[in-house]
Amino acid sequence: QVQLAESGGGLVQAGGSLRLSCAASGSALSINAIGWYREAPGKQRELVATITSGGTTNYADFVKGRFIISRDNAKNTAYLQMNSLKPEDTAVYYCNVNYNRYIWGATSTTWGQGTQVTVSS
């Protein structure tokens, strides 16, 4: 079982930056991919960025060139560095991890509690 604790959200002006953190705790054989998602009021939750266990990254088009996803496996923590923020980036941001359980061939997924990011004009 793995639990995720998110932090780093807040209120910033357009053009500013924030860094979100997602710390994992609990028990897992290994952690596979980690993703950051966001959900704005009245909108579906959407994928922002992913990073594999080997460090390969992928980004949604609307954040490419502005956001950076990273992970520190020694600290069991993932990050989302958000630069050049726009008002349309305002949303609750969630981290998600897929991990291997202590059962052969078994995987699970869990979500963080979400952290609010608000970007003012």
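Above: the structure in question.
What comes next concerns the included structure. All of these numbers come straight from a predicted model, not from anything done at the bench.

1. What about the state of the cysteines?
As used in these notes, a disulfide is a covalent bond between sulfur atoms, one from each of two cysteines.
Then step 1. By the definition in use, this model includes 1 disulfide.
Then step 2. What pairs with Cys22 in a disulfide is Cys95, and their sulfur atoms sit 2.1 Å apart. Where Cys22 bonds to Cys95 through sulfur, the torsion about that S-S bond is close to 65°, and the disulfide is right-handed. Taken as a pair, Cys22 in strand E3 (residues 18-26) and Cys95 in strand E9 (residues 91-100) lie far apart in primary sequence, 73 residues in all. Both residues of the pair, Cys22 and Cys95, belong to the buried class.

2. Comments concerning the pattern of salt bridges
Then step 1. In this structure the tally under the stated criterion is 5 salt bridges.
Then step 2. With a closest N to O distance of 3.0 Å, Arg45 and Glu39 form a salt bridge.
Then step 3. Relative accessible area serves as the criterion here: at 34%, Arg45 is assigned to the partly exposed category.
Then step 4. By relative accessible area, which is 28% here, Glu39 ends up partly exposed.
Then step 5. The network of salt bridges with shared partners includes Arg38, Glu46, Arg66 and Asp89.

Procedures and definitions
Residues numbered from 1 in each chain as written. Predicted model: local features only at pLDDT ≥ 70, side-chain atom pairs only at ≥ 80, totals over all residues. Heavy atoms only, no water. Disulfide = S-S within 2.5 Å. Helix = DSSP H or I, 4+ residues; strand = E, 2+ residues; numbered from the N terminus. Buried < 20%, exposed > 50% of the residue type's maximum accessible area, 1.4 Å probe, protein only. Salt bridge = Lys/Arg side-chain N within 4 Å of Asp/Glu carboxyl O.

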